[in-house]
Amino acid sequence: MAISKKPFGVTPDGHDVTQFTLTNARGASVRVINYGAILTHIIVPDRNGVLDDVALGFDNLEGYLANHGSMGDTVGRYGNRIAQARFTIDGATYQLDRNNGENHLHGVLSKQLWAADPVETANGDFLRLHYVSPDGEDHFPGTLDVTVTYGWDDDCNLSIRYEATTDKATHCNMTNHTYFNLAGYDHGTVRDHAIYIDSDVVTAVDSGLIPTGGYMPVSQTPLDLREEMLIGDGLDCMNECVPMRYAKGYDCNYVLRKGSAMGLCACVHHEESGRTMEVITDQPGVQFYTACTTDYADGKGGMHYLPYSGLCLETQHYPDSPNHPNFPTTTLRPGEIYDTTTIYAFRVDA
C-alpha cells in the first residue's frame with residue numbers, strides 16, 4: 001500500500017489544492033482532493049486485470065469549481081433535499097439557502113478546503129479530511145466539526161467514514177455523490193448495468209421530488225429491484241411509474257429492509273467487464289440516481305457526460321427528514337457524535 005500526492009490547481013482565493021492517491025498491492029487506486037473532500041478517481045481491474053477508472057469526473061480543478069452535478073462530492077451538511085429550504089428545531093425556525101428551486105439540496109461542504117492527513121497502515125491506507133463548518137454556514141445552526149476518512153485496501157474495498165459533532169442542535173446527513181460506471185468513465189451509459197437494491201418501499205414524493213411523508217411499495221413497478229434487473233429495462237418503463245416520470249429516470253430514496261444495521265444494501269454488476277460493486281452501509285436509506293438530466297461536455301479526456309452516463313448510490317437518512325417526524329431523525333445535539341460508514345466493495349467475476 002502507498003499514498004502519494006500532487007498539486008491539483010489553485011482555488012480562486014489562492015489556496016493550493018492537493019490530490020492524494022491511495023494505491024493497493026494490485027495497482028488499483030483511488031484519488032481524492034482536499035477541495036470538497038471530492039473523490040475524483042476509482043481505478044480498478046476488470047476480469048482480465050485491465051485497470052479502468054470507474055468514476056465520472058474531471059481532469060482539473062476548474063471542472064470541480066464549476067457546476068458539476070456534485071460528481072464525487074462529499075455532500076452536506078444535508079445530503080438530498082429539504083423542502084422550502086426550511087426546518088424548525090427546538091422551536092426555532094431556520095431558513096436555509098434555496099439552491100434547488102425553492103428547496104435546499106446538499107449544501108456547501110463540497111466547496112470548502114479541507115485539511116488532509118494521509119495515514120498508511122499494514123491493513124490499508126487512509127486519508128482523513130477535516131473541516132469546521134461555522135455556526136450559520138448555509139444558515140444551519142451550530143458549529144459542525146466534521147471528519148471524513150477514506151480507506152482503501154488490497155481487496156479493493158473503499159470505505160468512507162463520516163464523523164461530526166456540534167455545539168448547538170442541528171441536522172446532519174452526509175453522503176458521497178460519486179457517479180459510477182463500471183465499464184469506465186468513458187463508456188457513456190449505465191443502461192447495460194444490472195442492479196439489486198434490498199428494499200420493499202421508497203419514500204413517496206411530489207412532482208418536485210420532495211417526500212410527502214408516506215411510502216410507495218416498489219412491487220409491480222420498475223422501482224422493484226429486489227431481483228437484479230438491467231437499468232436500461234427499468235428506464236424503458238419509466239412512463240409507467242409516476243416518480244420516475246417526475247425525475248426522468250431513477251432518483252428515489254429506497255428504504256432499506258436492514259434498517260440502520262450494517263449490511264448490504266445494493267449491488268451493481270456489469271457483465272462485459274466482469275466488475276461488480278457492492279454497497280454496504282449502516283444508513284437506513286440509499287438514493288439511487290441515474291444521472292437523469294446530466295449534460296457536461298468537459299469531462300475526463302474530453303468526455304461529454306449525458307443522461308444515464310453514470311449512477312449514484314448515496315447512502316443516507318431520508319430526504320426532508322427534518323420536516324417529517326415519522327422518518328428516522330437526523331437531529332444532532334451537543335454531546336452526541338454523528339458516526340456512519342459506507343463501503344463500496346469492488347469485485348470481479350472469476
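The structure contained in this document is the topic of the report that follows. (Residues numbered from 1 in each chain as written. Predicted model: local features only at pLDDT ≥ 70, side-chain atom pairs only at ≥ 80, totals over all residues. Heavy atoms only, no water.)

Considerations on the side chain of Q283
Part 1 of the reasoning: Relative to the helices and strands, Q283 resides in the loop between strand 23 (275-281) and strand 24 (285-289).
Part 2 of the reasoning: Residue classification places Q283 among the buried positions, given a relative accessible area of 4%.
Part 3 of the reasoning: At 3.1 Å, the side chain of Q283 forms a polar contact with the side chain of H317.
Part 4 of the reasoning: What Q283 contacts, discounting residues up to four positions off in sequence, is N173, L256, K258, G259, T315, Q316, H317, Y338 and T340. (Helix = DSSP H or I, 4+ residues; strand = E, 2+ residues; numbered from the N terminus. Buried < 20%, exposed > 50% of the residue type's maximum accessible area, 1.4 Å probe, protein only. Polar contact = N/O pair within 3.5 Å; in protein donor to acceptor, adjacent residues only side chain to side chain. Contact = heavy atoms within 4.5 Å.)

Section: the environment of P217
Part 1 of the reasoning: Looking at where P217 falls in the secondary structure, it is placed in strand 19 (residues 211-217).
Part 2 of the reasoning: In this structure the C-alpha to C-alpha distance between P217 and T121, which are 96 residues apart in sequence, comes to 45 Å.
Part 3 of the reasoning: Not counting chain neighbours up to four residues away, the residues in contact with P217 comprise D200 and V201.

Examining the pattern of salt bridges
Part 1 of the reasoning: Within this structure, the stated rule accounts for 15 salt bridges.
Part 2 of the reasoning: A salt bridge links D349 to R47; its shortest N-O distance comes to 3.0 Å. On the criterion of sequence distance, the pair formed by D349 in the segment after strand 27 (338-348) and R47 in the loop between strand 4 (38-45) and strand 5 (51-53) is long-range, its members being 302 residues apart.
Part 3 of the reasoning: Among the residues examined, D349 registers a relative accessible area of 24% and is labelled partly exposed.
Part 4 of the reasoning: You can call R47 partly exposed: its relative accessible area is 32%.
Part 5 of the reasoning: For D90, the salt bridge is made with R333, and the minimal N-O distance between the two is 2.8 Å. (Salt bridge = Lys/Arg side-chain N within 4 Å of Asp/Glu carboxyl O.)

A look at the sheet that holds strand 3 (residues 29-33)
Part 1 of the reasoning: On the basis of which strands lie adjacent, the open sheet formed by five strands has the order 1-2-3-4-5 and antiparallel pairing. Each edge of the sheet is formed by a strand with only one pairing partner; in this case those strands are strand 1 (2-10) and strand 5. Averaged over all pairs of adjacent strands, the angle between their axes in this sheet comes to 20°, without regard to strand direction.
Part 2 of the reasoning: The sheet contact formed by strand 2 (residues 16-23) and strand 3 spans five bridges and is antiparallel. Bridged to T21 within strand 3 is R31. (Pairing = 2+ DSSP bridges. Axes fitted to C-alpha atoms, helices over the stretch in contact; angles between N-to-C directions.)

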